[in-house]
Amino acid sequence: PTTIYLKDYTPFGYIVDSVHLTFDLAPHATRVKSRISFRPNPEATDTTFFLHGENLRLIRASIDGAEVTPEVTGGGLFAAAPAAPFVWEAEVEIDPANNTALEGLYMSNGMYCTQCEAEGFRKITYYPDRPDVMSTFTVRINGDLPVLLSNGNPTGSGEGWAEWTDPWPKPAYLFALVAGDLLAHSDSYITRSGREVALNLWVRPGDEGKCAFGMEALKKSMKWDEDVYGREYDLDVFNIVAVDDFNMGAMENKGLNIFNSAAVLASPETSTDANFERIEAIIAHEYFHNWTGNRITCRDWFQLCLKEGLTVFRDAQFTSDVRSAPVERIRDVIDLRARQFPEDNGPLSHPVRPESFQEINNFYTATVYEKGAEVIGMLKRLVGDDGYAKALDLYFDRHDGQACTIEDWLKVFEDATGRDLGQFQRWYSQAGTPRIKVEEAWADGTYTLTLSQSTPPTPGQPQKHPQVIPVAVGLLGPNGDEVRPTEILELTEARQSFTFQGLAAKPVPSILRGFSAPVILDQDSTPAQRAFLLAHDTDPFNRWEAGRSLASDTLLKMVTQDAAPDADYLDGLLAVLRDDGLDPAYRALMLDLPSQSELAAMLHDRGVTPDPMAIWTAVETLRQATAQHMQDVLPRLHSQSQVDGPYSPDAEQSGKRALGSAALALISRQDGGAQAASEYARADNMTLQLSALSCLLKAGKGETELAAYYDQWRDDRLVMDKWFGLQVALASPDRTPQIARQLTQHADFNWKNPNRFRALMGSLAMNHAGFHHESGASYALLADWLIRLDPVNPQTTARMCSAFQTWKRYDAGRQAMIRAQLERIASAPDLSRDTTEMISRILG
Ligand code: HT7
Ligand code: ZN
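Conventions used here
Residues numbered from 1 in each chain as written. Chains lettered and ligands numbered in written order. Predicted model: local features only at pLDDT ≥ 70, side-chain atom pairs only at ≥ 80, totals over all residues. Helix = DSSP H or I, 4+ residues; strand = E, 2+ residues; numbered from the N terminus. Rg over C-alpha atoms; globule rule 2.2 N^0.38 Å. Buried ≥ 20, exposed ≤ 12 C-beta atoms within 10 Å, placed from the backbone. Contact = placed C-beta atoms within 7 Å. Pairing = 2+ DSSP bridges. Axes fitted to C-alpha atoms, helices over the stretch in contact; angles between N-to-C directions. UniProt positions renumbered as here; feature names shortened; annotations may be inferred. Near = placed C-beta within 6 Å. Nonpolar A, V, L, I, M, F, W, Y, C, P; charged D, E, K, R; others polar. Right-handed = clockwise from strand over helix to strand, strands pointing away. Domains from an automatic or database assignment. pLDDT = per-residue confidence, 0-100. Parallel < 35°, antiparallel > 145°, perpendicular 65-115°, else oblique. Core = buried A, V, L, I, M, F, W, Y, C linked by C-beta atoms within 7 Å. Arc of directions from axis to C-beta. Expected span 1.5 Å × (residues − 1).

Any chance you could break down the overall build of the protein for me, citing the residues and the numbers?
When helices and strands are counted, the protein shows 26 helices and 31 strands. Relative to the 2.2 N^0.38 estimate, which gives 28 Å for 844 residues, the radius of gyration of the protein is 27 Å and therefore close to what a compact globule would have. The principal-axis extents of the C-alpha atoms in the protein amount to approximately 85 × 65 × 60 Å. Burial analysis of the protein (844 residues in total) assigns 50% to the buried set. Relative to all contacts within the protein whose residues are 6 or more apart in sequence, the contacts with residues 24 or more apart total 70%.

This is the structure we're talking about:
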């Protein structure tokens, strides 16, 4: 496979002034006619006229009305183009019904839909399928279906046809078409300048009752972007469509967002609080792309973080504003550590802006998205809120309608604030998670913090250079009062000291408040100091972090030294749980433990080979000890689940249910699941139903309830995904491979549906001790299914390969078994480019 490099970028030889497309829809033989106006690009030196195209049957092509016979290759076609403006016309035939890769134009339950990011448009027609080629589009759809949608505004329709015109120039990856028998949940929004926008959420008949929440989230997002970023929507209509077969969460096509139904459809009976919160965030994310991604797009795919990092940052700001800011921050950091840290510290490590790829779909990663958002958070911390606001205004003014780079983005900050961002740029080019070591000194009323930074080597980057790291620090006095409020220390050298003068006593530092940078902090504090911060820290993130690190410390000691659960941890936690002044959602997060995979990474970092069963046993023992230590407060905490009034997925109610459910999980360890069984019987929403079922499965019970759940929900795909996922996620380690294998034989295991495949196989990979079963049976099962899925859907297969990315942490026996499975996948006949690249990077 060919490797593409950032350094080789050159502009396309032609500018596209307009695109006209006509679709004659037919499941196996859709005809696509294109009429595209090109003119030579004065800024380009290479005038080769090459149009991308894959899996297309070319019927005819012409330039300025004269038939041409282009040279067609596997990846596109070459033609002789005039040195003056010209009109290219072509007609191709495609087969949407056999498009199982879900890229380009495909069919899902009788409905036509598209997915063009990153390079799917070339499966629809011949075109310069690259994000720096932007044009207006007019689309006519001919098809015998009641609903025919495309981007932009509707400009005509009749029996069996519709025409759409998108006045905003866009790259082809934002093109979309949907046709089917759909129903709309409709509403409208008046923008701040007084324009009315028609809003529609299109779903399959039967799903109408699951639209209201998504629509409200959309309106909230539109208002928020006006209020906070001054960004108004720019078309007469905004359409969202829910699709069952979809490779990712959702797609921000201009004026026609397409959503995985799991990322938009919700009702209290079928969706958990966590589902509602995720849907709200994804709707916001896709909507915010209208400005950060669509109006200002990326010059090339190496710049993906330009739109994704910024849009994740904006959706996190939105969630903080409409829900609880500390809870949102803690959840984001848990997620970053679970998904991005393993990537950044393993064979798949790559910079936020990668410099080469074989298959761009493999770079829609936690590093590009989540670390990309963290980098923007650091930039905001360094330039301040006003500097950030000025820079963003300048970004929108200067670059509206353009395809930009990270250099353009940083230049805007430099121009708006006068700050030199030369060193900061390393956050985009240097891979790996920096470690910060902390040393303290105290003498004569002066407290000195010495911080040293280092980043381990990553693939292709043996040597690292110091980065600019904003370290938010506050100091607490011995009685717990804050003696120095939060200030940002700018760590720019490999080792640097910061002094605080005029202190009456040696303070306790609270370092990296709010998780001010995506780094690993290496601090030699004692359990007593951590317990002190858990009791007194005024920064809610670091207060939680103190509890979290106490939990990790005790678990690591339990694994490596056979120690008993630490009393400082249990007492500190009990005090927090008793504090009714603290938000229930926050207290629920305090009860959460670091994941077993995270503990494995910590052991590996300390030079200890992790034993998955020993980690599992330690977590079980600590949970048991917690249940015992907290037993007096648990009933009261559990009662929080029973809220007054009708169900609402808002932060207040969902926080109470989170705490109640966490308490029920501990109670179940004491009563063998008796209370969970009665809670299951009376649950009237999916959050409580699923939390009770989880407790029962964890207790080795729940057979009857699982069967009842199946009977109740067998016709609801999204609810059945949970049924598949939960059984594998909560299986005891010894039974995991067998339960997972049995479920793959279930009649409802529709493995070609990415949601169902991920529910089962994703849960297998997430069940740490079960996945790393000493027999290697889980590794083999996953590999079997990846080999089977690859020819059908390479994108989803390749993403799931990352389950193996941490393989070098484990013992020689497990490494050998995983290597054998990776090599077996690699040698499968006709393996896709996507999966080939992933496996070769993982093997290293
Ligand atoms: N920009 C989108 C990323 C994307 C995608 C979405 C669905 C299917 C395939 C896809 N490839 C890339 C989604 C987003 O970040 O908002
Ligand atoms: Zn996005």
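Outline the sheet that holds strand β28 (residues 482-491), listing residues and values.
In spatial order, the strands read β28-β27-β30; together these three strands make up an open sheet with antiparallel pairing. Edge positions in the sheet fall to β28 and β30 (508-511), since each of these pairs with one other strand and no more. Here the strands of the sheet are splayed against their neighbours by 25° on average, with no regard to which way each runs.

Go over the UniProt feature "domain: Peptidase M1 membrane alanine aminopeptidase" (unreviewed entry) in the protein, please, and point to the residues and values.
UniProt annotation of "domain: Peptidase M1 membrane alanine aminopeptidase" (unreviewed entry) refers to residues 213-427 when read in the numbering used here. Secondary structure across residues 213-427 comprises 56% helix and 9% strand; the distance between its end C-alpha atoms is 37 Å.

Account for the site of ligand 1, with residues named and values stated.
Near ligand 1, the surroundings consist of 13 residues, among which Gln-115, Glu-117, Asn-247, Met-248 and Met-251 are the closest. When residues of the shell around ligand 1 are traced back to their parent elements, those giving at least two are β20 (250-251) and α2 (273-288). Split by residue class, the shell around ligand 1 holds five nonpolar, four polar and four charged.

An account of the pairing of strand β18 (residues 196-203) is needed here, citing residue identities and associated values.
Looking at chain direction, strand β17 (residues 183-190) and β18 are connected through eight bridges and run antiparallel. Residue Tyr-189 lies in a different strand from β18, and its bridge partner there is Val-197. Alignment of β18 against strand β19 (residues 237-243), held across five bridges, turns out to be parallel. Looking at the pairing, Leu-199 lines up with Phe-238 of β19. Crossover β18 to β19 through helix α1 (residues 212-229) is left-handed.

Describe the domain arrangement of the protein, and please don't skip the residues or the numbers.
Taken as a whole, the protein is organised into domain 1 (4-266), domain 2 (298-429), domain 3 (435-522) and domain 4 (714-844). Distance between the C-alpha centres of domain 1 and domain 2: 26 Å. Facing 16 residues of domain 1, the contacting portion of domain 2 comprises 16 residues. Counting only elements with at least two residues in the side of domain 1 that touches domain 2, the list comes to β1 (4-5) and α1. In terms of residue count, the dominant contributor to the side of domain 1 that touches domain 2 is α1 (four residues). Tallied by class, the residues present in the side of domain 1 that touches domain 2 amount to 11 nonpolar, one polar and four charged.

How would you summarise the sheet that holds β18 if you had to cite specific residues and measurements?
Read across the open sheet, the five strands follow the order β17-β18-β19-β21-β20; overall the sheet is mixed. Sheet topology places β17 and β20 at the edges, where each strand pairs with a single neighbour. Both β19 and strand β21 (residues 256-260) contribute to a ladder of five bridges, which runs parallel. Each residue of the ladder has a partner; that of Asn-239, found in β21, is Leu-256. Contacting β17, β18 and β19, α1 crosses the sheet at an angle of about 25° to β17.

Account for the confidence of the model for the protein, with residues named and values stated.
Of all residues in the protein, 100% attain a pLDDT of 70 or more, and the chain-wide mean is 98. Here the predicted complex carries an ipTM of 0.98, next to a pTM of 0.99.

Tell me about the environment of Ser-775, and name the residues and values.
Take Ser-775: it is sitting in the loop between α22 (768-771) and α23 (777-789). In sequence terms Ser-775 and Met-817 are 42 residues apart; their C-alpha atoms lie 8.8 Å from each other.

Could you give me a rundown of the packing of helix α3 (residues 304-322) against helix α5 (residues 366-399), with the residues and numbers involved?
The N-to-C vectors of α3 and α5 enclose an angle of 70°; their axes lie 7 Å apart at closest approach. Judged by the angle between their axes, α3 and α5 are roughly perpendicular. In this structure, α3 contributes Leu-304, Cys-305, Glu-308, Gly-309, Leu-310, Val-312, Phe-313 and Ala-316 to the contact, and α5 contributes Val-368, Tyr-369, Glu-370, Gly-372, Ala-373, Val-375, Ile-376 and Gly-377. Grouping the amino acids of the contact of α3 with α5 by side-chain chemistry returns 11 nonpolar, three polar and two charged.

Residues and numbers for the nonpolar core, please.
Leu-177, Val-178, Val-241, Ile-258 and Leu-782 are the most contacted members of the largest nonpolar core, which totals 235 residues. Of all the elements, α5 adds the most residues to this core, at 12 residues. For Val-241, the residues in contact, after removing those within four places along its chain, are Cys-113, Leu-149, Val-178, Trp-202, Ile-258 and Phe-259.

Describe in detail helix α20 (residues 736-744), supporting the description with residues and values.
When we look at burial in α20, the residues that qualify are Thr-736, Pro-737, Ala-740 and Leu-743. Summarising the axial view, the buried residues of α20 lie within an arc of 130°, below the 170-degree limit, and thus occupy one face. Lining the buried residues of α20 we find α19 (717-729), α21 (754-766), α22 and α23.

Give me unusual backbone geometry: which residues, what numbers.
A cis geometry characterises the amide bond from Glu-117 onward to Ala-118, with omega recorded as 0°. Position of Ala-118 relative to the elements: it lies in the loop between β11 (111-115) and β12 (135-142). In this model, Leu-102 sits at a positive phi of 65°, which is unusual for a non-glycine residue. Tracing the sequence through the fold places Leu-102 in the loop between β9 (86-94) and β10 (104-108). We note that Asn-109 has phi near 50°; this positive angle belongs to a residue other than glycine. You can see Asn-109 is positioned in the loop between β10 and β11. Since 12 C-beta atoms lie within 10 Å of it, Asn-109 is described here as exposed.

Before we move on, can you summarise the packing of helix α13 (residues 612-629) against helix α15 (residues 651-671) with the specific residues and values?
Between α13 and α15, whose axes approach to 9 Å, the crossing angle comes to 90°. Judged on the interaxial angle alone, α15 and α13 are roughly perpendicular. Contact residues: α13 offers Arg-623, Gln-624, Thr-626 and Ala-627, while α15 offers Leu-666, Arg-669 and Gln-670.

Report on the pairing of strand β3 (residues 30-40), specifying residues and quantitative values.
Relative to β3, strand β2 (residues 14-24) runs antiparallel, the two sharing 10 bridges. If you follow Phe-23 over to β3, its bridge partner there is Val-32. Connecting the antiparallel pair β2 and β3 is a turn made up of five residues. With nine bridges connecting them, β3 and β9 associate as antiparallel partners. Residue pairing for β9: Arg-31 is matched across the bridge by Glu-93.

A description of helix α10 (residues 567-578) should follow, citing residues and the corresponding values.
With 12 residues, α10 should cover 16 Å at 1.5 Å per step; its first-to-last C-alpha distance of 16 Å lies within 8% of that length. Residues of α10 that are buried in the fold lie against α8 (527-536), α9 (540-561), α11 (584-591) and α14 (634-638).

With reference to specific residues and values, describe the environment of Leu-218.
When you line up the elements, Leu-218 lands in helix α1. For the pair Leu-218 and Glu-370, spaced 152 residues apart in sequence, the C-alpha separation works out to 22 Å.

Can you tell me about the environment of Gly-156, naming the residues and giving the values?
Following the sequence through the fold, Gly-156 ends up in strand β14 (residues 153-158). Between the alpha carbons of Gly-156 and Arg-140 there is a distance of 8.8 Å; along the sequence they are 16 residues apart.

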